[in-house]
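# A look at the structure
These are the residues of each chain, in order.
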Amino acid sequence: MRTDFAAALATMQEAAQRMRQVHQDLRAFTRGARETDLSLDAAVDLNAGLSATVALLQRGLPKGVAIKAALAPLPPVRCRAGQLNQVFHNLLGNALDAVGGAGTVQVES
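Residues numbered from 1 in each chain as written. Predicted model: local features only at pLDDT ≥ 70, side-chain atom pairs only at ≥ 80, totals over all residues. Heavy atoms only, no water.

### A short note on the overall build of the protein chain
The helix and strand tally for the protein chain stands at three helices and four strands. Per-residue burial for the protein chain yields a buried fraction of 27% across its 109 residues. Within the protein chain, residue pairs in contact and separated by at least 24 positions form 88% of the contacts whose partners lie at least 6 positions apart. Per element, the accessible surface of the protein chain, about 7400 Å² overall, is 59% carbon and sulfur. (Helix = DSSP H or I, 4+ residues; strand = E, 2+ residues; numbered from the N terminus. Buried < 20%, exposed > 50% of the residue type's maximum accessible area, 1.4 Å probe, protein only. Contact = heavy atoms within 4.5 Å. Areas by Shrake-Rupley, 256 points an atom, 1.4 Å probe, with all protein chains shown as cover.)

### Some details on helix α2 (residues 46-58)
The end-to-end C-alpha distance of α2 is 18 Å, a good match for the 18 Å that 13 residues give at a rise of 1.5 Å each. For α2, the tally of buried residues reaches ten of 13 residues, placing the bulk of the element in the interior. All of the buried residues in α2 are Leu46, Asn47, Gly49, Leu50, Ala52, Thr53, Val54, Ala55, Leu56 and Leu57. Between the side-chain oxygen of the N-cap and the backbone nitrogen of asparagine 47 there are 3.1 Å, and the N-cap of α2 in question is aspartate 45. (Expected span 1.5 Å × (residues − 1). Polar contact = N/O pair within 3.5 Å; in protein donor to acceptor, adjacent residues only side chain to side chain.)

### Quick look at the nonpolar core
Of all hydrophobic cores here, the largest spans 14 residues; its most connected members are Val54, Ile67, Leu92, Leu96, Val105 and Val107. If you list the elements that add at least two residues to this core, you get α2, β2 (65-70), α3 (81-99) and β4 (103-108). Ignoring sequence-local partners within four residues, the contact set of valine 105 consists of Ala66, Ile67, Lys68, Leu92, Ala95, Leu96 and Val99. (Core = buried A, V, L, I, M, F, W, Y, C linked by side-chain atoms within 4.5 Å.)

### Points about the packing of α2 against α3
Two elements in contact, α2 and α3, have axes whose closest approach is 9 Å; the angle formed by their N-to-C orientations is 45°. Our classification of the angle between α2 and α3 gives oblique. In this structure, α2 meets α3 at a crossing whose hand is right-handed. On α3, the residues that touch Leu46, Gly49, Leu50, Thr53, Val54 and Leu57 of α2 are Leu84, Asn85, Phe88, His89, Leu92, Gly93 and Leu96. Here the contact of α2 with α3 is built from residues that sort into eight nonpolar, five polar and no charged. (Axes fitted to C-alpha atoms, helices over the stretch in contact; angles between N-to-C directions. Parallel < 35°, antiparallel > 145°, perpendicular 65-115°, else oblique. Left-handed = near helix turned anticlockwise from the far one by under 90°. Nonpolar A, V, L, I, M, F, W, Y, C, P; charged D, E, K, R; others polar.)

### A few points about the environment of valine 65
Tracing the backbone shows valine 65 in strand β2. Excluding anything up to four places from it in sequence, valine 65 contacts Leu96, Val99, Gly100, Gly101, Ala102 and Gly103.

### Points about a nonpolar patch on the surface
Taken together, the side chains of Phe5, Leu9 and Met12 define a hydrophobic patch exposed on the protein surface, amounting to about 320 Å² of accessible area. Along the polypeptide, leucine 9 turns up in helix α1 (residues 2-36). (Patch = residues over 30% accessible without salt bridge, like charges linked within 9 Å, V, L, I, M, F, W, Y side chains within 5 Å. Salt bridge = Lys/Arg side-chain N within 4 Å of Asp/Glu carboxyl O.)

### Re α3
With 19 residues, α3 should cover 27 Å at 1.5 Å per step; its first-to-last C-alpha distance of 27 Å lies within 8% of that length. Taken residue by residue, α3 has Ala81, Gly82, Asn85, Phe88, Leu92, Gly93 and Leu96 as its buried positions. In an axial view of α3, the angular spread of the buried residues amounts to 125°, which keeps them on one side of the axis. Turned more than 90 degrees off the buried face of α3, the exposed positions are Leu91, Asn94, Asp97 and Ala98. Where α3 ends, the next residue or the one after it, glycine 100, has phi of about 80°, a positive value. (Arc of directions from axis to C-beta.)

This is how it looks when you write it as C-alpha coordinates:
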(Lines give C-alpha, C1' and ligand atoms only; values in the text may rest on other atoms or scores of the structure.)
Protein backbone atom coordinates (compact mmCIF):
# COMPACT_ATOMS: atom_id res chain seq x y z
CA MET A 1 0.00 0.00 0.00
CA ARG A 2 2.86 2.35 0.84
CA THR A 3 4.52 1.84 -2.58
CA ASP A 4 1.17 2.27 -4.38
CA PHE A 5 0.58 5.53 -2.53
CA ALA A 6 4.05 6.84 -3.45
CA ALA A 7 3.53 5.94 -7.11
CA ALA A 8 0.08 7.57 -7.14
CA LEU A 9 1.46 10.72 -5.52
CA ALA A 10 4.29 10.92 -8.07
CA THR A 11 1.78 10.54 -10.91
CA MET A 12 -0.40 13.30 -9.48
CA GLN A 13 2.60 15.62 -9.11
CA GLU A 14 3.61 14.97 -12.72
CA ALA A 15 0.05 15.66 -13.92
CA ALA A 16 -0.09 18.88 -11.91
CA GLN A 17 3.20 20.02 -13.48
CA ARG A 18 1.84 19.29 -16.99
CA MET A 19 -1.32 21.27 -16.21
CA ARG A 20 0.77 24.17 -14.89
CA GLN A 21 2.83 24.16 -18.11
CA VAL A 22 -0.28 24.07 -20.32
CA HIS A 23 -1.68 27.00 -18.36
CA GLN A 24 1.54 28.99 -18.78
CA ASP A 25 1.65 28.26 -22.52
CA LEU A 26 -1.96 29.32 -22.98
CA ARG A 27 -1.32 32.54 -21.06
CA ALA A 28 1.73 33.27 -23.20
CA PHE A 29 -0.28 32.62 -26.37
CA THR A 30 -3.19 34.85 -25.37
CA ARG A 31 -1.21 37.53 -23.55
CA GLY A 32 -0.50 39.32 -26.82
CA ALA A 33 -4.19 39.44 -27.66
CA ARG A 34 -5.05 41.25 -24.46
CA GLU A 35 -2.04 43.56 -24.25
CA THR A 36 -1.42 44.66 -27.81
CA ASP A 37 -4.44 44.08 -30.03
CA LEU A 38 -5.90 47.42 -28.99
CA SER A 39 -2.83 49.26 -30.18
CA LEU A 40 -0.72 48.99 -33.32
CA ASP A 41 2.07 50.84 -31.53
CA ALA A 42 3.00 47.92 -29.29
CA ALA A 43 6.41 46.33 -29.84
CA VAL A 44 6.11 42.55 -29.94
CA ASP A 45 8.63 39.73 -29.55
CA LEU A 46 7.79 37.42 -32.49
CA ASN A 47 9.83 34.57 -31.01
CA ALA A 48 7.69 34.60 -27.87
CA GLY A 49 4.57 34.13 -29.98
CA LEU A 50 6.18 31.39 -32.06
CA SER A 51 7.44 29.59 -28.94
CA ALA A 52 4.02 29.68 -27.29
CA THR A 53 2.34 28.44 -30.47
CA VAL A 54 4.82 25.59 -30.91
CA ALA A 55 4.40 24.57 -27.26
CA LEU A 56 0.61 24.46 -27.64
CA LEU A 57 0.71 22.46 -30.86
CA GLN A 58 3.27 19.94 -29.56
CA ARG A 59 0.82 18.67 -26.98
CA GLY A 60 -1.61 17.18 -29.49
CA LEU A 61 0.78 15.64 -31.98
CA PRO A 62 0.39 12.00 -32.95
CA LYS A 63 3.33 9.65 -32.59
CA GLY A 64 5.71 10.06 -35.52
CA VAL A 65 4.93 13.75 -36.03
CA ALA A 66 7.18 16.46 -34.59
CA ILE A 67 7.48 20.22 -34.62
CA LYS A 68 10.84 21.81 -33.92
CA ALA A 69 11.77 25.45 -33.50
CA ALA A 70 15.12 27.16 -34.09
CA LEU A 71 14.58 30.76 -33.11
CA ALA A 72 17.26 33.39 -33.63
CA PRO A 73 17.08 36.80 -31.96
CA LEU A 74 14.73 39.20 -33.72
CA PRO A 75 14.07 42.90 -33.19
CA PRO A 76 10.69 43.86 -31.75
CA VAL A 77 7.95 44.38 -34.34
CA ARG A 78 4.98 46.71 -34.06
CA CYS A 79 1.87 44.62 -34.68
CA ARG A 80 -1.21 43.05 -33.16
CA ALA A 81 0.34 40.11 -31.30
CA GLY A 82 -2.84 38.14 -30.71
CA GLN A 83 -3.77 38.20 -34.37
CA LEU A 84 -0.23 37.29 -35.39
CA ASN A 85 -0.19 34.39 -32.92
CA GLN A 86 -3.41 33.14 -34.53
CA VAL A 87 -1.72 33.32 -37.94
CA PHE A 88 1.25 31.33 -36.58
CA HIS A 89 -1.17 28.77 -35.14
CA ASN A 90 -3.08 28.39 -38.42
CA LEU A 91 0.07 28.13 -40.57
CA LEU A 92 1.74 25.61 -38.30
CA GLY A 93 -1.49 23.65 -37.93
CA ASN A 94 -1.79 23.44 -41.72
CA ALA A 95 1.85 22.35 -42.01
CA LEU A 96 1.28 19.62 -39.43
CA ASP A 97 -1.81 18.45 -41.31
CA ALA A 98 0.23 18.32 -44.53
CA VAL A 99 2.89 16.15 -42.86
CA GLY A 100 0.29 13.45 -42.36
CA GLY A 101 1.09 10.55 -40.06
CA ALA A 102 4.86 10.99 -39.98
CA GLY A 103 7.30 13.84 -40.40
CA THR A 104 8.69 17.02 -38.91
CA VAL A 105 7.72 20.65 -39.26
CA GLN A 106 10.69 22.96 -38.76
CA VAL A 107 10.05 26.55 -37.58
CA GLU A 108 12.89 29.04 -37.91
CA SER A 109 13.25 32.74 -37.33
